[in-house]
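The lines below spell out each chain.
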Amino acid sequence: MTSPWLLAAAPVSTVPPESTQQAIGYPSLFLLVLIGALVPIVPTGALVSSAAVVAFHQTAPFALALVFVTASVAAFLGDATLYWLGRRGMRSKNGSRWLEAIRSRAPEERLTQAQEKLADHGVTVLVLSRLVPAGRIPVMLACLMAKWPLRRFVRGNFPACLAWAVTYQLIGILGGSLFSEPWEGVVAAVALTVVISAAPSVWRRVRGTAGV
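All of the points below concern the structure found in this document. In this text the structure is predicted, and so the values were computed from the model without any measurement.

## Quick look at the overall build of the protein chain
- For the protein chain, the helix and strand inventory stands at ten helices and zero strands.
- For the protein chain, the succession of helices and strands along the chain, N to C, is α-α-α-α-α-α-α-α-α-α.
- Here the protein chain holds 212 residues, and the buried ones make up 39% of them.
- Carbon and sulfur atoms make up 66% of the accessible area of the protein chain, which amounts to about 11300 Å² in all.

Here's what the structure looks like:
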């Protein structure tokens, strides 16, 4: 499984064998999701959905299972690493660039909401945070400010990463099942993930405009 977008766009005659696709694709997916967890500018949800589309159209056994394992493990390790770096910054007198990066992506209003929900519902909020667009970082910062130890964070984050990987893989499977060509499924899956990601911010703007 090569990069989903490159594979989907390539002519049939140039598509590499499935064994080559898998040898390149799964490590690439792992690396990109890991980087996306550390630096939240990589569209990891779209990556997982696109990879699921490609895997859906493959004949190799367990292709979809490998996408799920690769994505969930990479997300889990990335989150755990970022939280560990954030804790180091919290203990440092001068903070750290990683902690500042987390704070810069957690608006005050979202952070306050995350702190209130975390105090009321605990680990459940952490599990749901990965399913809510732009919800992961504010909840992670709330956990840091509540001084959660790394062990407690990873216990809650493990099911969160599993649920996240399942959700975006199901989007990819849906796209793959609706279209016979992988590239069509990839386009549909990416479009759906973009809509899902943009929906909360659009809703907040609509509510803000209505309240004026």
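Moving on, there is more to tell.
## Quick word on the packing of aromatic side chains
- Here the structure, examined in full by the defined rule, presents three aromatic pairs.
- Residues Tyr-83 and Phe-153 carry aromatic rings whose centres are separated by 4.0 Å and whose planes lie at 0° to one another, so their mutual orientation is stacked. Of this pair, Tyr-83 sits in helix α4 (residues 63-91) while Phe-153 sits in helix α9 (residues 150-178), and the two are 70 residues apart along the sequence.
- With relative accessibility at 1%, the residue Phe-153 sits in the buried group.
- Here Trp-164 and Tyr-168 contribute two aromatic rings whose centre-to-centre distance is 5.9 Å and whose plane-to-plane angle is 55°, an arrangement assigned as tilted. With Trp-164 and Tyr-168 both in helix α9, this residue pair falls four residues apart, about one helical turn. An identical accessibility class is assigned to Trp-164 and Tyr-168; each is buried.

## Notes on the side chain of Gln-169
- Tracing the backbone through its elements, the reader meets Gln-169 in helix α9.
- Beyond its immediate sequence surroundings of up to four residues, Gln-169 is in contact with Val-48, Ala-52, Leu-64, Ala-65, Val-67 and Phe-68.

## Digging into helix α3 (residues 44-56)
- Across its 13 residues, α3 extends 18 Å between first and last C-alpha, which sits within 8% of the 18 Å expected from 1.5 Å per residue.
- Most of α3 sits inside the fold, with twelve of its 13 residues counted as buried.
- Along α3, the positions that sit buried rather than exposed are Thr-44, Gly-45, Ala-46, Leu-47, Val-48, Ser-49, Ser-50, Ala-51, Ala-52, Val-53, Val-54 and Ala-55.

## Quick look at helix α6 (residues 108-121)
- In this model α6 runs 20 Å from its N-terminal to its C-terminal C-alpha over 14 residues, within 8% of the 20 Å that 1.5 Å per residue would give.
- Within α6, burial applies to Arg-110, Leu-111, Ala-114 and Leu-118. One side of α6 carries all its buried residues, which in axial view fall inside an arc of 95°. Seen from the buried face of α6, the exposed residues on the opposite side, beyond 90 degrees, are Glu-108, Glu-109, Ala-119 and Asp-120.
- Directly after α6, the chain includes Gly-122, whose backbone phi takes a positive value near 60°.

## Digging into a nonpolar patch on the surface
- Together, Leu-174, Leu-178, Phe-179, Leu-192 and Val-195 make up an exposed nonpolar region whose accessible area comes to about 440 Å².
- Among the secondary structure elements, Val-195 is positioned in helix α10 (residues 182-211).

## A word on unusual backbone geometry
- The phi dihedral of Ala-134 falls on the positive side, at around 65°, and the residue is not glycine.
- Residue placement: Ala-134 occurs in the loop between α7 (123-129) and α8 (136-145).
- Overall, the relative accessible area of 57% leaves Ala-134 in the exposed class.
- The residue Lys-147 is not glycine, and still its phi comes out positive at about 60°.
- With respect to the element layout, Lys-147 can be found in the loop between α8 and α9.
- Under the relative-accessibility criterion, Lys-147 is labelled exposed at 67%.

## Points about the side chain of Arg-136
- Considering the arrangement of structural elements, one finds Arg-136 in helix α8.
- Of the residues examined, Arg-136 reaches a relative accessible area of 13% and is grouped as buried.
- Beyond its immediate stretch of four places on either side in the chain, Arg-136 contacts Gly-36, Ala-37, Pro-40, Asp-79, Leu-82, Ser-129 and Arg-130.

Thresholds applied
Residues numbered from 1 in each chain as written. Predicted model: local features only at pLDDT ≥ 70, side-chain atom pairs only at ≥ 80, totals over all residues. Heavy atoms only, no water. Helix = DSSP H or I, 4+ residues; strand = E, 2+ residues; numbered from the N terminus. Buried < 20%, exposed > 50% of the residue type's maximum accessible area, 1.4 Å probe, protein only. Areas by Shrake-Rupley, 256 points an atom, 1.4 Å probe, with all protein chains shown as cover. Phe/Tyr/Trp six-rings, centres within 6.5 Å; stacked < 30°, edge-to-face > 60°. Contact = heavy atoms within 4.5 Å. Expected span 1.5 Å × (residues − 1). Arc of directions from axis to C-beta. Patch = residues over 30% accessible without salt bridge, like charges linked within 9 Å, V, L, I, M, F, W, Y side chains within 5 Å. Salt bridge = Lys/Arg side-chain N within 4 Å of Asp/Glu carboxyl O.

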